[in-house]
Structure formats: structure tokens, C-alpha cells
Amino acid sequence: MNEKKIRRILDTMGMMFPDAHCELMHRNPFELLVAVMLSAQATDESVNRLTPSLFHKYRTPEDYLKVPLAELEQDIRTIGLFRNKAKNIQSMCRILVEEWNSQVPEAHEALVALPGVGRKTANVVVSNAFGVPAFAVDTHVERVSKRLGLAKPDDSVLEVEKKLNRVVPREEWTLSHHRFIFFGRYHCKAQSPRCASCPLLDFCPEGKRRMKAPASMKAGSNRKNES
Ligand code: SF4
């Protein structure tokens, strides 16, 4: 894809979602880290329903270590995979206390070394909490990138990230990450993308395919995209 097309994608998403931002509620890097860990395979809405009370009870890494694991599990039980997440949060907090003076490290490699923290979580934390450009690839970013032909259908998440890093100017990585998410969440939805009214339809391979396909085939393609 040439530079002009990339520019048009970024500018179009910018016009559609000028205020795209991190929707996970947080007041500091530590709360953001916990919120992103909780959000794995869960919606931001479900995390935001939980975190006001959670962050009121647990303010520091030490607070999470003061309670038995079973109590933390109960406190986050509304979130999927809560047992595993509770264990990872306590392990992560232990390392913050023992090795990082109870602070969240700013270095990407230090973050991914924490239990339960993968590349996407580290990208979200460094970009939103510390202002380091990063293009975190979540399910929306991956789907939108593949539909628009910015990545191949069988590319891994890491390959998608590398391709986006190559074509999107570095200073726009963080904002573009938010805009791709908003575009995927509210417009190019997994089940029913709004291709007919999409300003990017004229060069979107997936959109053109869908507009040509009979309704029954579009439904099949939707199901495939959901898997
Ligand atoms: Fe998504 Fe359809 Fe727009 Fe392509 S044309 S970006 S598939 S909404």
C-alpha cells in the first residue's frame, strides 16, 4: 500500500474519531497496568464497572499483597479468567515491590518480563502512561488492518504490529492505535461492518468483497471473522 493510501486511512479515521483515547479508566500507570491485565479477553466496559471499587480498596502493589489470593479472586470474579488474573496480579505486584521500588517500570522489556504482561499490554502502558510511541495490536486493530489490506489474513499479531510500524509515522503510532480501535469498535465491527457507508470502501478489499457478495455469503464471512 502506498504512502498516499496510508495517509488517507489515517486522516479518515482521524476525522471520524478525533477524540479516540484509552477507554480503560485509570489515574496512574499502576492502575492502567492492572486494568489492561484485567481486560484480556474481557470488554473495557466490564473492567470499568469493576475498577472504581477495586482501585478504592487496592491503591498500591503492597495492598494487593496484603490479602489472600482467594480474596482478590472474589474481588475480580466478574471478569473472565479471574483466577489466573488474580494470581498474575499478585505475582506482578510482588516483583514491583521487590525489584522496582513499587513503581511500574517504563522500559518495554521490563514490563514484558512481569507475570501476565504480554507485548500488547506493555505497548498500551508505555504509550498511555509514559508517552512512548507504540502501536498495540488488539483484536480491533488486527481485524481492521487485515480487512484494509495493511496486513495479510494469516499474519500473526506481531507481524501486524511490525507492518503498521513500518507504514505509520512513529509519532502517530499511539493515536493511530486508539483510532483503529474506535474505527473497529464503532464502525468496522466484527459482525456487521458498515461497508455501504464507509469512506474507505473504494480501496478496501474486504469491503468490496462484502458489497459484491449475496447477503447469505456476507453472513458466512461475518461468522468467519468472529472465529
Ligand atoms: Fe471495514 Fe467495510 Fe470500511 Fe472495509 S469497507 S474498512 S470492511 S467498514
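Remember, predicted model here, so these are calculated numbers, not experimental data.

About the criteria used
Per chain, residue numbering runs from 1 following the sequence as it is written. Per-residue local features of the predicted model are confined to residues with pLDDT of at least 70, and side-chain atom pairs are confined, for both listing and counting, to 80 or more; whole-chain, interface and lining totals are unaffected and use all residues. Just so you know, side-chain values use all the structure's heavy atoms and leave hydrogens and water out. One heavy atom suffices: a residue is near a molecule or strand as soon as one of its heavy atoms comes within 4 Å of it. In this analysis the probe radius is 1.4 Å and the grid spacing 1 Å, with only protein atoms considered; a cavity is a set of points the probe fits into but cannot get out of, a pocket is an open set with protein on both sides within 12 Å along at least five of seven lines, and lining residues have an atom within 4 Å of a point. To be counted as sitting in a cavity or pocket, a molecule needs more than half of its atoms within 2 Å of that site's grid points. These domain limits were set by an automatic method or by a database of domain assignments. Grid points are joined across faces, edges and corners, and a volume is the space filled by probe spheres set on the points. Numbering of helices and strands runs from the N terminus; a helix is a DSSP stretch of H or I covering at least four residues, while a strand is a stretch of E covering at least two. Polar here means any residue outside two lists: the nonpolar Ala, Val, Leu, Ile, Met, Phe, Trp, Tyr, Cys and Pro, and the charged Asp, Glu, Lys and Arg; Gly therefore counts as polar. Only protein chains enter the accessibility calculation, which uses a 1.4 Å probe; a residue is then buried when its area is under 20% of its type maximum, exposed when over 50%, and partly exposed in between. An arc is given here, and it is the one of the directions from the helix axis to the C-beta atoms.

A. Spotlight on the site of the ligand. Residues in contact with the ligand amount to 13 residues; listed here are only the nearest, Cys188, Cys195, Cys198, Cys204 and Gly207. Given that more than half its atoms are within 2 Å of the pocket grid, the ligand belongs to the largest cavity. Taken domain by domain, the makeup of the shell around the ligand includes at least three residues from each of domain 1 (1-193) and domain 2 (195-226).

B. Molecular detail of empty space enclosed by the protein. Evaluation of the coordinates by the stated rule reveals one cavity of 30 Å³ or more. In this structure, the largest cavity spans a volume of roughly 120 Å³. Considering the residues around the largest cavity, the lining is formed by 16 residues, among which Cys188, Cys195, Cys198, Cys204 and Gly207 are closest to the centre. Mapped onto the lining of the largest cavity, the elements with two or more residues apiece are α9 (139-147) and α12 (205-212). Counting residues per element, the lining of the largest cavity draws most heavily on α12, which supplies three residues. Across the lining of the largest cavity, the residue classes tally to 10 nonpolar, two polar and four charged. Each of domain 1 (1-193) and domain 2 (195-226) contributes no fewer than three residues to the lining of the largest cavity.

C. Up close: helix α10 (residues 157-167). Residues of α10 that are buried: Val160, Glu161 and Leu164. Projected onto a plane normal to the axis of α10, the buried residues spread over an arc of 100 degrees and lie on a single side.

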